2 protein chains.
Amino acid sequence: MARTADKTDIPRRLTDAGYALFTQNGYNATGIQQITDQAGVPKGSFYNHFDSKEAFAGQIIRHYAEWVDQSWQSCLQDAPADPLDTIRHLFGKFIRHHEQAVCPGCLVGNFAAEVSESSESCRAALSAVMDTWRERLAVLIRQAQQAGRVRQDLDALTLAGFFWDAWEGALLRMKVEHDSRPLKEALSLMLDKFFQP
Amino acid sequence: MARTADKTDIPRRLTDAGYALFTQNGYNATGIQQITDQAGVPKGSFYNHFDSKEAFAGQIIRHYAEWVDQSWQSCLQDAPADPLDTIRHLFGKFIRHHEQAVCPGCLVGNFAAEVSESSESCRAALSAVMDTWRERLAVLIRQAQQAGRVRQDLDALTLAGFFWDAWEGALLRMKVEHDSRPLKEALSLMLDKFFQP
């Protein structure tokens, strides 16, 4: 890509390139030179915006979480009224996203595996994102419990934590099997069987 | 570590060092020089035993799977007779392993996140290991179904696949939260609630 002259655009180009490369190759296999090359910006400009690759990765984690938040809100716009069907609708859309993605998988899960031991700042960023996602899903599960659509003998936040664990694990298996079946099975088992009243 | 003169020991030293470094730092952050340094063998000896770092990683995946197999068989020796309690016993021991490990987590899950996109040979090795683990757990789940201890409306292999997904996801959250609670919760939710007849 040609080097850009529009300096105001550089942080966004860097985060877009960083997200793509981190998703495809992981944290450690991605160098700053690759990121600036893919972004089409001079290598030196990286350090005008980020103190280190680790700080940049923290920014990418938050950037990815914002994208997921926006997708979540957008999916809620045309979601069914029933709260259990809303969860099915949301994660059905996420499955289609992963089926169509060049590099399917979740940056948060991938980074949890790769860098949570070696980078305290990344680990803290991942933990904050996971907390937010768990609480957001727990809101819908609580609504589904109140509507009598989900079992009430288990705390909504506990169910939400377990749901995300199963989801992240199914994403790992999807990456290995090159098949979205683990995601579909996990969603169906939880919503149609395990979470039923 | 001092360079060893015992050449017969070199492959084992390399795999032990590779396992430790891959678990701690991941695939891409681990160099061959680091592996041979930690193994205490000359760098050149690596290529006497392995064609490439990728081939070595495939060997480490199989080596790790053998270690899990041996742990599984060993745990079965003093397992309770009831097949559901056997599963609880096995995974309770795995939880204690992760609680005591310097670098907790599962090499198969970590590699699934990091290298399944970039290495076809590693992806195939991971897929084979996951298949074996799923079938092995399905045997116990099927026995528990026959004993009336696990619901019979779902196929044992499907339940086993879901169980491992939730387990691998809980391991990722354990790495991020530095707490084995996700593992304990996942085990208890599945065996005491979701899998109940």
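All values derive from a computational prediction rather than experimental measurement.

(A) Representation of the overall build of chain A. For chain A, the helix and strand inventory stands at nine helices and zero strands. Overall, chain A shows an N-to-C arrangement of helices and strands of α-α-α-α-α-α-α-α-α. The principal-axis extent of the C-alpha atoms belonging to chain A is close to 60 × 35 × 30 Å. Residues counted as buried form 42% of the 197 residues belonging to chain A. Look at the contacts in chain A between residues 6 or more apart in sequence, and 63% of them connect residues 24 or more apart.

(B) Summary view of the relation of the copies chain A and chain B. Taken as rigid bodies, chain A and chain B are interconverted by a rotation of 180° and an axial shift of 0.0 Å, the fit giving an RMSD of 0.0 Å. Put plainly, the chains are arranged around a two-fold axis. Counting the interface residues of chain A, we find that 100% of their copies in chain B are interface residues as well, pointing to one common contact surface.

(C) A look at the nonpolar core. In this structure, A:Ile61, A:Val108, A:Leu126, B:Ile61, B:Val108 and B:Leu126 are the most contacted members of the largest nonpolar core, which totals 116 residues. When sequence neighbours within four positions are dropped, the list of residues in contact with A:Ile61 reads A:Leu107, A:Val108, A:Phe111, A:Cys122, A:Ala125, A:Leu126 and A:Val129.

(D) Structural context of the interface of chain A and chain B. Each partner contributes to the interface: chain A provides 40 residues, whereas chain B provides 40 residues. Secondary structure elements with two or more residues in the side of chain A that touches chain B: helix H1 (10-25), helix H6 (107-115), helix H7 (120-146), helix H8 (156-177) and helix H9 (181-194) of chain A. Among the elements that make up the side of chain A that touches chain B, the one with the highest residue count is H8(A) (15 residues). Here the side of chain A that touches chain B is built from residues that sort into 18 nonpolar, twelve polar and ten charged.

(E) Spotlight on the confidence of the model for chain A. Residue and element names in this part refer to chain A. Here chain A averages 93 in pLDDT, while 96% of its residues score no lower than 70. Taken element by element, chain A is modelled with least confidence in H1, mean pLDDT 92, and with most confidence in H9, mean pLDDT 98. Interface scoring of the predicted complex returns ipTM 0.93; its pTM is 0.93.

(F) Inspection of the environment of A:Thr132 at higher detail. Structurally, the position occupied by A:Thr132 is in helix H7. Between the C-alpha atoms of A:Thr132 and A:Asp153, which are 21 residues apart in sequence, the distance is 23 Å.

About the criteria used
Residues numbered from 1 in each chain as written. Chains lettered and ligands numbered in written order. Predicted model: local features only at pLDDT ≥ 70, side-chain atom pairs only at ≥ 80, totals over all residues. Helix = DSSP H or I, 4+ residues; strand = E, 2+ residues; numbered from the N terminus. Buried ≥ 20, exposed ≤ 12 C-beta atoms within 10 Å, placed from the backbone. Contact = placed C-beta atoms within 7 Å. Least-squares fit on C-alpha atoms with pLDDT ≥ 70 in both. Core = buried A, V, L, I, M, F, W, Y, C linked by C-beta atoms within 7 Å. Nonpolar A, V, L, I, M, F, W, Y, C, P; charged D, E, K, R; others polar. pLDDT = per-residue confidence, 0-100.

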